[in-house]
Amino acid sequence: MIKLNKKFYMLVSMALLMIIVGCSNSSGGSDKLKIGAQTYSEPKIIAEMYKALIEESTDISVDIVADLAASPIVIQSMNKGDVQMATLYSGEIFNGYFEIEETKDRQEVLKQAQQGFDETFGFKWFDSFGFENTYAFTVRQELADQYGLEKVSDLKEYADTLKIGVDTTWLERDNDGYRAFQDHYGIKFNETFPMEISLVYQAVADQEVDVVLAYTTDPGIKEFNLKTLEDDMQFFPPYDASPVIRKDMLEKHPELEGIISKLVGKIDVQTMASLNYEVDVNKRSPKEVAIEFLKAEGLMSNES
Amino acid sequence: MPFTNSISQFYQFLLERYPDILVATREHVTIAIVAVLLSTLVAVPVGIYLAKNRAKWLHSTVFSIANLFQTIPSLALLAILLPIVGIGTKPAIIALFLYALLPILRNTLAGFQSVDQSVIEAARGMGYSAAQRLFKIQLPLAFPYIMSGLRMTTVYIISWTTLAALIGAGGLGQLIVSGIGVNRKELIFAGAIAAILLTLLTDQLLGLIERKMFKRAKSA
Amino acid sequence: MMLKTNGFIALFEYISDNASTLLNLTIEHVIMVLLGLALALVVGVPLGIISSKNEKLASVILSAANILQVIPSLALLALLMMFLGLGFKTIVVGLFCYSLLPIIRNTYVGLKEMDANLNEAGRGLGMNKWQLLMKVQLPLSLPFIMAGVRVAAVIAIGVATLAPLIGGDGLGREIYAGLNMRNELKIYAGAIPAACLAILTDVLLGRLQNRMKSKQSRQKVETQQGAGVSVSN
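Residues numbered from 1 in each chain as written. Chains lettered and ligands numbered in written order. Predicted model: local features only at pLDDT ≥ 70, side-chain atom pairs only at ≥ 80, totals over all residues. Heavy atoms only, no water.

Chemist: Honestly, the overall build of chain C in this entry has me stumped. Any pointers?
Modeler: Scanning chain C from N- to C-terminus turns up 9 helices and 0 strands. Starting at the N terminus and walking to the C terminus, you meet the elements of chain C as α-α-α-α-α-α-α-α-α. Each principal axis of the C-alpha atoms in chain C carries an extent, and together these give about 70 × 40 × 25 Å. In chain C, the proportion of contacts linking residues at least 24 apart, taken out of those at least 6 apart, comes to 80%. Total accessible area computed for chain C in this model is approximately 10,000 Å², and 64% of it derives from carbon and sulfur atoms. Between the averaged position of the 19 positive side-chain charges in chain C and that of its 12 negative side-chain charges there is a distance of 8 Å. (Helix = DSSP H or I, 4+ residues; strand = E, 2+ residues; numbered from the N terminus. Contact = heavy atoms within 4.5 Å. Areas by Shrake-Rupley, 256 points an atom, 1.4 Å probe, with all protein chains shown as cover. Lys, Arg positive; Asp, Glu negative; His and termini not counted. Charge placed at Lys NZ, Arg CZ, Asp CG, Glu CD.)

Right, dumping it as structure tokens:
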């Protein structure tokens, strides 16, 4: 019986030890940078680019926290300090974080983002990478041919027979979501299917949906032979992509400013789309694709 | 948190959005019920068969397979089915069907094994055929056990159906996931509370039915 | 996305290429689960002991734990996230919640199932309540508690796969990344190890449980012989 007693105490002390170890595990070191990334490949690739650049030229170790449900979550995490850096899109200003002036002008929207997020959250919102990733209505090519669809307005006639696949948030978004869309275009679809953005392409391939609200730089558009309809009534706001970082992180590590600026204005729409293609369609890892890009652009030495 | 303020906010939200919540609930319940029904259709006959055929290898094989499905993490099972079956309600129903197998099977078997042999002998003596024995004696007597298993299983399935949202099948999980996505607490709350209430309600309802069954079985 | 037979080879290659990442994810997964289990043990076993001594408290404690158990995992994690934020800590709390019921209930049952003779034997040996608990009752309930840990572990491994949704790590990250990047290999590379982890845990803890059971029957005999009480069955 004495033996079993010892075992029991051992179990208890192991349990307590694990709790202590676990608690210390979660407290981060001071030279760590966490980059948050949404669920699709684009911000993940960019995060990998920054990880490579930062780790190459500084002592900071970078962790990427990927698959955060959506941009608002990324912003919330940055605000809490759970992550310090991310790729965000200028159209975020319409999600009610601060007072804004209604405008669809790209420059204006970017300026408001830079100002607003600085004042409200203490983030530095850099200038754009050089590309925009906004929402785009796409349909199966056969459907477009069948109904002669060129613009979003063309959908109006057929909308009550169409099924649309969208990401998990579009139905809920205030400013550029479904409700606002219905007001703006006067179009209501027969059925709406919210799901993870990557699954919508499967859905349209299986013909479970007819229309897909895709992201403009997503390779799924090309891969699944979808036709993009022109946003003729200018519903969607601009969504220029920029790196964003907490100002206190910049103050602690001023060298980051130069490193982050290296990618500003360096990535255009075609480039980003093809990088996304490499990951999503050719199944390469974001890290590999990111490093290949950096080397090709001469932003990183070729030895590593 | 100005608590009373947030409660009234939440109430407002519910008033606005209750049609969506109802739709989500309907999707949710549909998936769960179909999965449980399919699982019952398979697990009960198998359970009955196992009660007759006591071969050890048979029992342990069947139970190992059923146990396997129970043990695999739900997200993993859904994810494994996705490339094979596609997205939407189909993989969700299949995954949930597999989950429900073990508990229903186990309870069916326990139910049948609990029937007193002497009762069966008596029935045989009275000239009951195998089918009559099954339907008039064994099933009614085993029913309380089966019902108990069904109750527990249904509750768990309704709980797990929230994950169906991750693969585009809708349901109350969708409210939670979109709520997380747009960072709207009321949505998360509404989805979570609705799912919890649904689960608890189902538990209570089926518990009531189960108790009635037990009463009837006792008098039989 | 159709599965091809040469997919097995591709999967094998993928896993071997990414072995260190996958191993890291597995370790993170295991740490989250172990921590949740450990917390549940520290809180659950005492609650189980209390329940076995006091029937009224027992029904309260068990019902509360039961309600917690039945809450859909996604819902609980989302609610916890609203109050505790994203990440590791929140997930461990969630895992702790789901591990409670099996452990409390099994501790309770284990103690209740205690053969009254053994309690008599212990008291006959001059033990007070505390010694009775620590030297006789708890050790003999270990197989039951072990059964609870086993059930809790399997559940926790499953719930932990949802961690990425609220900023955590673990094998769920690979599954989720695979879903988001439309990469079947990633999905399987995450899902299959997660499934294996659960199955392995179930089997290993099952063996441990059986070993404890056979030890228990020996202990029973020793205790009774020690107090000069005849072994009654």
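Chemist: Looking at this model, I keep getting lost on the nonpolar core. Mind explaining?
Modeler: A general trend in soluble globular proteins is that nonpolar side chains are found buried together. By size, the foremost hydrophobic cluster in this structure holds 232 residues, and its most contacted members are A:Tyr50, A:Phe137, A:Leu155, A:Trp170, A:Phe181 and A:Phe189. The biggest single contributor to this core is helix α4 (residues 89-114) of chain B, with 14 residues. Core analysis: the next-biggest nonpolar cluster, separate from the first, contains 6 residues, C:Met114, C:Met127, C:Val136 and C:Leu140 among them. (Core = buried A, V, L, I, M, F, W, Y, C linked by side-chain atoms within 4.5 Å. Buried < 20%, exposed > 50% of the residue type's maximum accessible area, 1.4 Å probe, protein only.)

Chemist: Would you take a moment to explain the confidence of the model for chain C for this structure?
Modeler: Detailed reading of predicted coordinates is not advised where the pLDDT is low. Residue and element names in this part refer to chain C. Of all residues in chain C, 90% have pLDDT values of 70 or greater, and the mean over the chain is 83. Ranking the helices and strands of chain C by mean pLDDT puts helix α2 (residues 19-53) first, with 90, and helix α6 (residues 116-124) last, with 76. This model gives residues 229-233 a pLDDT under 50, and the stretch forms 4 contacts once residues within four places in sequence are excluded. Of the two predicted TM-score estimates for the complex, the pTM is 0.81 and the ipTM is 0.77. (pLDDT = per-residue confidence, 0-100.)

Chemist: For this particular structure, what's the right way to read the packing of aromatic side chains?
Modeler: Residue and element names in this part refer to chain A. Applying the stated rule across the entire model yields 32 aromatic pairs over all chains. When the ring of tyrosine 97 is compared with that of phenylalanine 117, the centres are 5.5 Å apart and the planes differ by 55 degrees; the resulting orientation is tilted. On the criterion of sequence distance, the pair formed by tyrosine 97 in the loop between β3 (85-89) and α4 (106-121) and phenylalanine 117 in helix α4 is long-range, its members being 20 residues apart. Pairwise contacts between aromatic rings join Tyr40, Tyr135, Phe137, Trp170, Tyr178, Phe181, Tyr185, Phe189, Tyr215, Phe235, Phe236 and Tyr239 into one cluster. The ring of phenylalanine 126 has lysine 124 sitting right over it, with the charged end atom 5.0 Å from the ring centre. (Phe/Tyr/Trp six-rings, centres within 6.5 Å; stacked < 30°, edge-to-face > 60°. Lys NZ or Arg CZ within 6 Å of the ring centre and 35° of its normal.)

Chemist: Help me out: how do you make sense of the sheet that holds strand β7 (residues 191-194) of chain A in this one?
Modeler: In a beta sheet, neighbouring strands pair by backbone hydrogen bonds and run either parallel or antiparallel. All names here are of chain A. Taken together, the 5 strands give an open sheet; going across it, the order is β7-β6-β8-β5-β9, and neighbouring strands pair in mixed fashion. Of all the strands in the sheet, the pair left with one neighbour each is β7 and β9 (226-228). Along the sheet, successive strands turn relative to each other by an average axial angle of 30 degrees, direction set aside. Bridge count between strand β6 (residues 163-166) and β7: 4 bridges; the pairing is parallel. Within β7, the residue paired with glycine 165 across the bridge is phenylalanine 193. (Pairing = 2+ DSSP bridges. Axes fitted to C-alpha atoms, helices over the stretch in contact; angles between N-to-C directions.)

Chemist: Where do I start with α6(C) in this structure?
Modeler: An α-helical segment advances 3.6 residues per turn. Residues three or four places apart therefore align on the same side. Residues and elements named next belong to chain C. Turning to α6, its buried residues are Leu118, Asn119, Ala121 and Gly122. Along the axis of α6, the buried residues cluster in a sector spanning 160 degrees; they form a single face. Turned more than 90 degrees away from the buried face of α6 sit Ala116, Glu120 and Gly124, all of them exposed. Immediately downstream of α6, the backbone of glycine 126 shows phi near 90 degrees, a positive value. (Arc of directions from axis to C-beta.)

Chemist: I keep staring at the interface of chain A and chain B and nothing clicks. Help me out?
Modeler: Buried accessible area, meaning the area lost when the parts come together, often serves as the stated size of an interface. Tallying the contact residues gives 19 residues for chain A and 16 residues for chain B. Interface area for chain A against chain B, summed over the two sides, is near 1,500 Å², with a carbon-plus-sulfur share of 58%. Three residues stand out in chain A for area buried against chain B, namely A:Thr168, A:Glu172 and A:Leu199, and they jointly supply 34% of the buried area on that side. Linking B:Arg17 and A:Glu172 is a salt bridge whose minimum nitrogen-to-oxygen distance equals 2.8 Å. Our count for the chain A to chain B interface comes out at 2 residue pairs in polar contact (both at pLDDT 80 or more). Among the elements of the structure, α3 (71-80) and α7 (197-205) of chain A are those that each provide at least two residues to the side of chain A that touches chain B. Within the side of chain A that touches chain B, the residues separate by chemical class into 8 nonpolar, 4 polar and 7 charged. (Buried area = accessible area lost by both parts, 1.4 Å probe. Salt bridge = Lys/Arg side-chain N within 4 Å of Asp/Glu carboxyl O. Polar contact = N/O pair within 3.5 Å; in protein donor to acceptor, adjacent residues only side chain to side chain. Nonpolar A, V, L, I, M, F, W, Y, C, P; charged D, E, K, R; others polar.)

Chemist: Which parts of the structure should I look at to understand the interface of chain B and chain C?
Modeler: Listed as interface residues are 30 residues of chain B and, on the opposing side, 33 residues of chain C. In total, about 2,900 Å² of surface goes out of reach between chain B and chain C, with carbon and sulfur atoms giving 83% of it. Contact with chain C buries area across many residues of chain B, yet B:Thr71, B:Leu75 and B:Pro83 alone supply 19% of it, more than any other trio. Applying the counting criterion to the chain B and chain C interface returns 0 salt bridges. Those elements that provide at least two residues to the side of chain B that touches chain C are α2 (56-71), α3 (74-85), α6 (130-160), α7 (172-182) and α8 (185-219) of chain B. At 8 residues, the largest contribution of residues to the side of chain B that touches chain C is made by α8(B). A class-by-class count of the residues in the side of chain B that touches chain C yields 23 nonpolar, 6 polar and 1 charged.

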